[in-house]
Every structure is written in structure tokens, then in C-alpha cells.
Amino acid sequence: MSREIKVGGAQLGPIQRADTKEATVARLIALLDQAHEQGCDFVVFPELALTTFFPRYYMESKDEFEPYFEREMPNAATRPLFEKAAEYGIGFYLGYAEIAQEEGRTRYFNTSILVDKAGRIVGKYRKIHLPGHAEYDPERSFQHLEKYYFEPGNYGFPVWRMMDGIFGMCLCNDRRWPETYRVMGLQGVEFVALGYNTPSVNSQRPEERGEERLFHSDLSAQAGAYQNATFVAAIAKAGNEDGNPLIGGSIIVHPSGQIIARAETEDDELITAVCDLDDTTFYKKTIFDFARHRRPEHYGRIVSQTGVELPE
Ligand code: ING
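The text that follows walks through the structure, step by step, so that each part is easy to find. (Residues numbered from 1 in each chain as written. Predicted model: local features only at pLDDT ≥ 70, side-chain atom pairs only at ≥ 80, totals over all residues. Heavy atoms only, no water.)

As for the packing of aromatic side chains
Applied cut-off: Two rings belonging to Phe, Tyr or Trp (six-membered ring only in the last case) form a pair when the distance between their centres is within 6.5 Å. Interplanar angles under 30 degrees mark stacking, angles over 60 mark edge-to-face geometry, and anything in between is tilted. In this text, helices come from DSSP runs of H or I with a minimum length of four residues, and strands from runs of E with a minimum of two, each type numbered from the N-terminal end. A 1.4 Å probe rolled over the protein chains alone gives each residue an accessible area, and that area as a share of the maximum for its type sets the label: buried under 20%, exposed over 50%, partly exposed in between. Two thresholds decide whether a charge sits over a ring: the Lys NZ or Arg CZ must be within 6 Å of the ring centre and within 35 degrees of the ring normal.
Overall, the coordinates contain 21 aromatic pairs when judged by the stated rule. A centroid spacing of 6.3 Å and a plane angle of 20° characterise the contact between phenylalanine 191 and phenylalanine 231, whose relative ring orientation is stacked. Here phenylalanine 191 is found in strand β8 (residues 191-196), whereas its partner phenylalanine 231 is found in strand β9 (residues 231-236), with 40 residues between them in sequence. Phenylalanine 231 carries the same exposure label as phenylalanine 191, and that label is buried. An angle of 80° between the planes, with centres 5.5 Å apart, marks the rings of phenylalanine 282 and tyrosine 283 as edge-to-face. By relative accessible area, which is 55% here, phenylalanine 282 ends up exposed. Through a chain of ring-to-ring contacts, three or more aromatic side chains come together here, namely Phe54, Tyr58, Phe65, Tyr68, Phe69, Tyr108, Tyr136, Tyr148, Tyr149 and Phe150. Looking at arginine 17, its charged tip hangs above the ring of tyrosine 57, at a distance of 3.8 Å from the centre.

Describing the site of the ligand
Here is the rule we go by: Proximity is defined per residue: any heavy atom of the residue falling within 4 Å of a molecule or strand makes that residue near it. Under the rule applied, a polar contact is a pair of N or O atoms within 3.5 Å (in protein, one hydrogen donor and one hydrogen acceptor; residues adjacent in sequence only if both atoms are side-chain atoms). The classification used treats Ala, Val, Leu, Ile, Met, Phe, Trp, Tyr, Cys and Pro as nonpolar, Asp, Glu, Lys and Arg as charged, and all other residues, Gly among them, as polar.
By nearness alone, 13 residues border the ligand, and Glu146, Cys172, Asn173, Arg176 and Thr198 come closest of all. One nitrogen or oxygen atom from the side chain of arginine 176 is found 2.8 Å from an oxygen atom belonging to the ligand. The side chain of threonine 198 places a nitrogen or oxygen atom 2.6 Å from an oxygen atom of the ligand. Here the shell around the ligand is composed, by residue class, of three nonpolar, four polar and six charged.

Concerning the nonpolar core
Note the threshold: Take the buried residues of types Ala, Val, Leu, Ile, Met, Phe, Trp, Tyr and Cys, join any two whose side-chain atoms come within 4.5 Å, and each joined set is a nonpolar core.
By size, the foremost hydrophobic cluster in this structure holds 45 residues, and its most contacted members are Phe42 and Phe191. With six residues, β9 is the single largest residue contributor to this core. Leu31, Phe45, Ala49 and Leu270 belong to the second-largest nonpolar core, a separate cluster that totals 26 residues.

What about the sheet that holds strand β4 (residues 105-115)?
The strands that make up a sheet pair up through hydrogen bonds in the backbone, lying either parallel or antiparallel. Basically, it comes down to this: Two strands qualify as a pair provided DSSP detects at least 2 bridges between them. A fitted line through C-alpha atoms represents every axis, and for helices the fit uses only the stretch in contact; the resulting angles, taken between N-to-C directions, go from 0 to 180 degrees.
If you walk across this open sheet you meet the six strands as β5-β4-β3-β2-β1-β14, and the pairing is mixed. Two strands close off the open sheet at either side, each with one partner strand: β5 (121-126) and β14 (269-276). Here the strands of the sheet are splayed against their neighbours by 35° on average, with no regard to which way each runs. With eleven bridges connecting them, strand β3 (residues 91-102) and β4 associate as antiparallel partners. Looking at β4, one finds that glutamate 98 is bridged to phenylalanine 109.

Remarks on the environment of arginine 17
For clarity, the cut-off: Contacts: residue pairs with any heavy atoms within 4.5 Å of one another.
Along the chain, arginine 17 falls in the loop between β1 (4-11) and α1 (21-37). The sequence separation of arginine 17 and alanine 273 amounts to 256 residues, and the corresponding C-alpha distance is 32 Å. Beyond its immediate sequence surroundings of up to four residues, arginine 17 is in contact with Thr52, Tyr57, Met59, Glu64, Tyr68 and Asp242. There is a polar contact of 3.0 Å between the side chain of arginine 17 and the side chain of tyrosine 68.

Remarks on helix α6 (residues 210-227)
In an α-helix there are 3.6 residues to a turn, and that puts residues three or four apart on one side. Filter applied, for reference: Multiply 1.5 Å by the residue count of a helix minus one, and that product is the helix's expected span. To be clear, the arc concerns the directions from the helix axis to the C-beta atoms.
Between the first and last C-alpha of α6 there are 26 Å, a value that for 18 residues agrees with the 26 Å anticipated at 1.5 Å per step. Three or more residues of α6 are buried, namely Gly210, Arg213, Ser217, Asp218, Ser220, Ala221, Gly224 and Ala225. Projected onto a plane normal to the axis of α6, the buried residues spread over an arc of 160° and lie on a single side. Those residues of α6 that are buried lie in contact with α5 (178-185), β8, β9, β12 (251-253) and β13 (259-262). The positive-phi residue at the C-terminal boundary of α6 is alanine 229, with phi of around 50°.

Observations concerning the pattern of salt bridges
One side chain can pair with another of opposite charge once the charged atoms of both are near each other. Put simply, the test is: Criterion for a salt bridge: a side-chain nitrogen of Lys or Arg within 4 Å of a carboxyl oxygen of Asp or Glu.
Counted under the stated rule, the structure contains 28 salt bridges. Note that arginine 126 is salt-bridged to glutamate 102, the shortest N-O span being 2.8 Å. Separated by 24 residues along the polypeptide, arginine 126 in strand β5 and glutamate 102 in strand β3 bring together distant segments of the chain. Here arginine 105 and glutamate 103 are joined by a salt bridge, their closest N and O atoms 3.9 Å apart. Judged by relative accessible area, which is 39%, arginine 105 ranks as partly exposed. Each of Glu98, Glu102, Glu103, Arg105, Arg107, Lys124, Arg126 and Glu151 takes part in salt bridges that share partners, so that together they form one network.

Section: the side chain of glutamate 241
Position of glutamate 241 among the secondary structure elements: in strand β10 (residues 239-241). A polar contact is formed between the side chain of glutamate 241 and the side chain of arginine 56, at a distance of 2.7 Å.

As for the side chain of serine 250
Residue placement: serine 250 occurs in the loop between β11 (244-246) and β12. For serine 250, a relative accessible area of 0% puts it in the buried group. Polar side-chain contacts of serine 250 include one of 2.6 Å to the side chain of glutamine 11. Among all residues touching serine 250, those that are not within four sequence positions of it are Gln11, Tyr196, Ala234, Ile235, Ala236, Ala261, Arg262, Ala263 and Ile271.

The following block contains the structure:
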């Protein structure tokens, strides 16, 4: 018996600050059209897939930065995407900036959603590992103000049953933290969808180039997949946004840790792979049979400590 799903990774090229959401949604739909032609069941779009990576800019006024956020989903700009996906019977993952009115206040999150083949939102995730800094930093060659614009996510790392499998989500910097995948792995996750916007250069270490960033992006997704016996699709928004380069390198990773699809460009590009979710079973029942092999009595520091506590 197999549980094959054909997965499309819909890498986006750059979104310029002047681009409208409507124009960007049209690009997402064009990638969905390709996915439909290629028989895909599920498509993964990038993080912040509706706008340029605006955390690179310091904006004090809400009037200036709130237009980058969505107050409801779907909405007028994104409804055509939901409708087209439902017409094709394709589920999808989409990253966007979310404004929520919760607990009597306005809250801002870096968010992703999981949408089923009927166009229904099955699940929502809010980015937990926010990189960068919370204040304008004149020392940096460009800003990375995710800690300024967003709150850490408050949903944890849930998983959802969908398409006869167990799906999870995360966002960008989350992929660098093993806890992200392990919490989902402890819930039996079989497919982790994640989008990313990763600057090609390090604003604090100019000599770090794109090749090292691509290596770290692959390493993080491959390790997460292998160590938790799950597929991982890591899909970029790439290319040069108003003079700011982002890496491409979108990949789909098998639970063996092997990369089974990779983007070749830094533009809008659909990569595809047939993912048999039953391929996760061997690893979950042998080398990563958590019930048989894990020793949580020795893992206390992982949840009791935030930072390092050095020996005397
Ligand atoms: N971007 C980057 C990422 O984690 C980053 C930030 C780049 C952190 C390189 C560390 C090293 O891919 C987002 N949006 O998280």
C-alpha cells in the first residue's frame, strides 16, 4: 500500500516593494496552474509570499507597515488563489504577515496556513524562532527587524491530519532549530512544509556568501527530515528585491535525508516530487522509533534552560 502525494514546491522570485498583492497573487496562480498541469496534490509557497521581505526596512508608522499585513484570510487579494486551488483540487501552504485582534489588543505574527483540497484552512502556524533584532541597528548593512514587527508565535508546533497523512508547518528560521522538527516528530509528522526568505549575505559578516547560506539551509532541512523520519519541503522567495539578494535553493527532502527535488533558478520556479508518506514508516519503526530509543530523563536542559549555563 502506498500513500503517494505529488508535491509542488512553488519557489517565488523577488517581490519588489512597489509590486501589488494582486500582481503577486497572479504569479502564485501561474505556479498553481503549472502544478495542476503536472498533477500535484499539494503546493508549498514561501514565507511572506504576498509581499517583499519588508522586515529589511525600519518603518515607525503603522500606516506605513500595516499594509504589508493581512487582517483576514482569505481576503479580496487572495481569494482568487483559494478559488483556483479548490477548482484544481490542490491543497497548499502559504506564508504571510498576519494582523490579529486577540486578548483585547492588535497582534502581529509571521504566519503560515495549511489549506486542504477543498480550499478550507485546516491549520495555522505562527513563527516561533524570530531571527534578527528588535531595534534599528545602524551597524548593519541592512536591517532584519522580525523581532520588531512580529511577536513570537503562540500556537506551538501542531500537526494536522490531511490527505491521508500527518502534516506540520514551520517558517524560515524555525528550520535551523532541531526542537521545531522534534516537537512535530513526537506527534508523528510525515510532511513538514516550510517557506523561507533568507538574505544571501550576512549583514554582520559581509564575507559570508550565498554558498554557505545555501549549505546551511540544506543542512537544516535534511537533518530535520532524517532525524524525525519526515518529508520536508523548504521553499524560498529568492532573487534580488530592490537591491537586496535572497537565496534560492528550494528543496524537497525525503525522510532518508536525501534531496529529491531542487530549484535551479532564483525566479518563479515549480519543483515537484512524488512523496510516498509510507516511506516514513521504516525510519519511524527502526532507527527513529522514539518510544524505543529516546531517553527523556537525560534531556532536562532542553526545556529547563533558554541559554547556555557554562561549567565552573
Ligand atoms: N531569515 C533568515 C533565516 O533564518 C537568518 C534569517 C539568515 C538567520 C541566516 C541566520 C542565518 O533563513 C528568516 N526570515 O528567518
